[in-house]
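# Fold and geometry: a report
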Amino acid sequence: MTAKGTFETADWTPQPPYDDRDGVTLGVVTLTKTFAGDLTGTSLVTMLVATTPVEESRSYVALERFEGTLDGRSGSFVVQHDATSDNGEQGLRIRVVADSGTGELRGIRGEMDIVIGPDGGHSYTFDYTL
């Protein structure tokens, strides 16, 4: 099945870098998201971020716990992000952590794609099985 919609981010909270040497910085950022569309609810995201002296070369890994409804089924699940930018060439993989689903979302599996529009708005496409 496929779920589509939009989300907004808020409460970006960067922590002081835990390693900052030779122009490469490692840090932690937390934020929240509010989802609309087929996926309705909120999530808490914790990211580990690496930046480099090259503006377009950076990466992040993150864990995100979503809580709400998916096509009318309520519960929660966790997704794992793996994102890179290599001189502007971007890669992103977001997948459900196996057996992290609760409530009516128990057993969920899937992958999500995120698109940031020219206006800065975020949309998602979530291919999943239950």
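Anything mentioned here points back to the structure above.
Residues numbered from 1 in each chain as written. Predicted model: local features only at pLDDT ≥ 70, side-chain atom pairs only at ≥ 80, totals over all residues. Heavy atoms only, no water.

### A few points about the overall build of the chain
Where we set the bar: Comment: elements are numbered from the N terminus, with helices defined as DSSP H or I runs of at least four residues and strands as E runs of at least two. Our radius of gyration is a C-alpha quantity, and the globule rule it is checked against amounts to 2.2 Å times the number of residues to the power 0.38. Remark: exposure states derive from per-residue accessible area (1.4 Å probe, protein chains only) relative to the maximum for the residue type, with buried under 20%, exposed over 50%, and partly exposed in between. Any two residues whose heavy atoms approach within 4.5 Å at even a single point are treated as in contact. For the accessible areas, the method is Shrake-Rupley and the probe is 1.4 Å, while residue cover comes only from the protein chains on display.
Broken down by element type, the chain carries zero helices and nine strands. Starting at the N terminus, the α and β elements of the chain follow one another as β-β-β-β-β-β-β-β-β. Relative to the 2.2 N^0.38 estimate, which gives 14 Å for 130 residues, the radius of gyration of the chain is 15 Å and therefore close to what a compact globule would have. Along the first, second and third principal axes, the C-alpha set of the chain runs to 50 × 30 × 25 Å. Relative to its full complement of 130 residues, the chain shows a buried share of 33%. A separation threshold of at least 6 residues defines the contact pool for the chain, and within that pool the share at least 24 residues apart is 43%. With an accessible surface of roughly 7600 Å², the chain has 51% of that area assigned to carbon and sulfur atoms.

### Re the nonpolar core
Applied cut-off: For the purposes of this section, nonpolar cores are sets of buried Ala, Val, Leu, Ile, Met, Phe, Trp, Tyr and Cys residues that join through side-chain atoms within 4.5 Å.
Of all hydrophobic cores here, the largest spans 17 residues; its most connected members are Leu-39, Leu-70, Phe-77, Ile-108, Tyr-124 and Phe-126. Among the secondary structure elements, those contributing two or more residues to this core are strand S1 (2-14), strand S5 (58-70), strand S6 (73-86), strand S7 (89-96), strand S8 (109-116) and strand S9 (122-129). Looking at this core element by element, the count peaks at three residues for S9. For Tyr-124, the contacting residues outside a window of four places in its chain are Ala-3, Lys-4, Gly-5, Thr-6, Phe-7, Phe-35, Ala-36, Gly-37, Asp-38, Leu-39, Met-112 and Asp-113.

### Describing unusual backbone geometry
The backbone of Asp-22 shows a phi angle near 55°, a positive value even though the residue is not glycine. If you trace the backbone, Asp-22 turns up in the loop between strand S2 (19-21) and strand S3 (24-37). The phi torsion at Asn-87 lies on the positive side, around 50°, for a residue other than glycine. Of note, Asn-87 is situated in the loop between S6 and S7.

### A word on the pairing of S3
Cut-off, in case you're wondering: DSSP calls a pair of strands paired once it identifies at least 2 bridges connecting them.
Examined bridge by bridge, S1 and S3 share eight bridges and lie antiparallel to one another. Paired with Thr-9 across the two strands is Lys-33, which belongs to S3. In the sheet, S2 pairs with S3 via three bridges, with the strands oriented antiparallel. Note on S3: the bridge partner recorded for Asp-19 is Leu-26. The antiparallel pairing of S2 with S3 creates a hairpin that spans two residues between the two strands, and Asp-22 there sits at a positive phi of about 55°. Relative to strand S4 (residues 39-51), S3 runs antiparallel, the two being bridged by eleven bridges. Residue pairing across strands places Val-29 opposite Met-47, the latter belonging to S4. Where S3 folds back on S4, the antiparallel hairpin that results is connected by one residue.

### Let's talk about the pairing of S8
For S7 and S8, the ladder comprises two bridges, and the chain directions are antiparallel. For Arg-95, the partnering residue across the bridge sits in S8 and is Glu-111. Sheet topology places S8 next to S9; eight bridges connect them, and they run antiparallel. Across the sheet, Ile-114 pairs through a bridge with Tyr-124, a residue of S9. Where S8 hands over to S9, the hairpin turn is made up of five residues, of which Gly-120 adopts a positive phi near 90°.

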